[in-house]
Amino acid sequence: MPEIVQLLASPVHRYVGRPADGPAPAPPSELVEQVRIRAGLGIVGDRYFGRPAHREASVTLIAQESLPAGADLTQVRRNVLTRGIAVDELVGRVITLDSGDGPVSLRVHRAAPPCAWLDVTVAPGTWKALRGRGGVRCAPLTDGVLRVGPVAITIDS
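Figured I'd write up the structure that's included with this text.

The rules behind these values
Residues numbered from 1 in each chain as written. Predicted model: local features only at pLDDT ≥ 70, side-chain atom pairs only at ≥ 80, totals over all residues. Heavy atoms only, no water. Helix = DSSP H or I, 4+ residues; strand = E, 2+ residues; numbered from the N terminus. Rg over C-alpha atoms; globule rule 2.2 N^0.38 Å. Buried < 20%, exposed > 50% of the residue type's maximum accessible area, 1.4 Å probe, protein only. Contact = heavy atoms within 4.5 Å. Areas by Shrake-Rupley, 256 points an atom, 1.4 Å probe, with all protein chains shown as cover. Lys, Arg positive; Asp, Glu negative; His and termini not counted. Charge placed at Lys NZ, Arg CZ, Asp CG, Glu CD. 1 Å grid on protein atoms, 1.4 Å probe; cavity = no way out; pocket = protein on both sides within 12 Å on 5 of 7 lines; lining within 4 Å. Points joined across faces, edges and corners; volume = space filled by probe spheres on them. Nonpolar A, V, L, I, M, F, W, Y, C, P; charged D, E, K, R; others polar. Disulfide = S-S within 2.5 Å. Pairing = 2+ DSSP bridges. Core = buried A, V, L, I, M, F, W, Y, C linked by side-chain atoms within 4.5 Å.

## Quick notes on the overall build of the chain
Alright, step 1. When helices and strands are tallied, the chain shows three helices and 12 strands.
Alright, step 2. Its C-alpha atoms give the chain a radius of gyration of 14 Å, within 12% of the compact-globule value 15 Å for 157 residues.
Alright, step 3. Residues counted as buried form 43% of the 157 residues belonging to the chain.
Alright, step 4. Considering only residue pairs separated by 6 or more positions, the chain has 70% of its internal contacts joining residues 24 or more positions apart.
Alright, step 5. When the accessible surface of the chain is summed, it comes to about 7,400 Å², and 54% of that surface belongs to carbon and sulfur atoms.
Alright, step 6. Side chains of the chain give 18 positive and 15 negative charges; the mean places of these two sets differ by 7 Å.

## Side note on the layout of surface pockets
Alright, step 1. Roughly 350 Å³ of volume is contained in the largest pocket.
Alright, step 2. If you go around the largest pocket, you meet 21 residues; those closest to its centre are Arg 47, Tyr 48, Arg 77, Arg 78 and Arg 137.
Alright, step 3. Here the residues of the lining of the largest pocket are counted per class, giving eight nonpolar, six polar and seven charged.

## A few points about the state of the cysteines
Alright, step 1. Following the criterion strictly, the structure yields zero disulfides and no others.
Alright, step 2. Cys 115 forms no disulfide, and the closest cysteine sulfur to it belongs to Cys 138, at a distance of 18 Å.
Alright, step 3. On the basis of relative accessible area, Cys 138 is assigned to the buried category, the value being 0%.

## Some thoughts on the sheet that holds strand S4 (residues 42–43)
Alright, step 1. As summarised here, the arrangement of the three strands in space is S4-S3-S10, forming an open sheet in which the pairing is antiparallel. Only two strands of the sheet have a single partner each, and these edge strands are S4 and strand S10 (144–147).
Alright, step 2. With four bridges joining them, strand S3 (residues 34–38) and S10 adopt antiparallel strand pairing. Bridged to Gln 34 within S10 is Arg 147.

## Side note on the nonpolar core
Alright, step 1. Judged by nonpolar contacts, the single largest core of 22 residues is most densely connected at Leu 61, Ile 95, Leu 97, Leu 106 and Leu 146.
Alright, step 2. Mapped onto this core, the elements with two or more residues apiece are strand S1 (3–8), S3, strand S5 (59–63), strand S7 (94–98), strand S8 (104–111) and strand S9 (136–140).
Alright, step 3. Discounting chain neighbours no more than four positions away, the residues touching Leu 97 are Leu 61, Ile 85, Gly 102, Pro 103, Val 104, Leu 106, Leu 146, Val 151, Ala 152 and Ile 153.
Alright, step 4. Grouped together as the second largest cluster of nonpolar side chains are nine residues, Ile 62, Leu 67, Leu 81 and Leu 130 included.

## As for the environment of Val 80
Alright, step 1. In this fold, Val 80 is placed in strand S6 (residues 80–83).
Alright, step 2. When the C-alpha atoms of Val 80 and Ala 63 are compared, they prove to be 8.4 Å apart, with 17 residues separating the residues in sequence.
Alright, step 3. For Val 80, the residues in contact, after removing those within four places along its chain, are Ile 4, Gln 6, Leu 7, Val 59, Thr 60, Leu 61, Ile 62, Leu 73 and Leu 146.

## Regarding the environment of Gly 42
Alright, step 1. Locating Gly 42 in the fold gives a position in strand S4.
Alright, step 2. Of the residues examined, Gly 42 reaches a relative accessible area of 0% and is grouped as buried.
Alright, step 3. As a C-alpha pair, Gly 42 and Val 59 span 17 residues in sequence and 5.9 Å in three-dimensional space.
Alright, step 4. Setting aside residues up to four positions removed in sequence, Gly 42 forms contacts with Arg 36, Ile 37, Phe 49, Ser 58, Val 59 and Pro 140.

## Remarks on unusual backbone geometry
Alright, step 1. With a phi close to 60°, Arg 77 is a non-glycine residue in the positive phi region.
Alright, step 2. Structurally, the position occupied by Arg 77 is in the loop between helix H1 (73–76) and S6.

## Here's the deal with the pairing of S9
On a regular strand, each side chain points to the face opposite its neighbour's, so the side chains alternate between the two faces of the sheet.
Alright, step 1. Counting buried positions along S9 gives four out of five residues, so the element sits mostly inside the fold.
Alright, step 2. By the bridge criterion, three bridges tie S5 to S9 in an arrangement that is antiparallel. Looking across to S9, one finds that Thr 60 is bridged to Arg 137.
Alright, step 3. Here S8 runs beside S9; their pairing, made up of five bridges, is antiparallel. Across the sheet, residue Arg 107 finds its bridge partner in S9, namely Ala 139.

This is the structure in structure tokens:
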């Protein structure tokens, strides 16, 4: 069964400046057991919540299968880490996830290309290794809650 492995809602931008300088310190509790999603706005408490420039990309998903062993959301800066869902193949589709609190629908607008920071935060070579597998950027279509654990998934065109 597909699952949500991790969830990240970070109120701050940690990757500022040059990758060689390293990321800013992580705030406590970036990784959470659940997130509240608002239609058209994003993840409550996340750095991109309600920002007009990010409304079509306010929720990001990445497949655990794409990441090197041991890498997590604090390193790749996506919001939802999935297992068993080929998220990179969903551009242009609507994905509905239900982790037990009702369905949450997301329109997958575009790929989320990896950046050079990954060579610092994960390991050298990660940036190139994740090209075409860096996850997707989505707009939430419905309000709801996502939780870590098993998730039911529906994919529409």
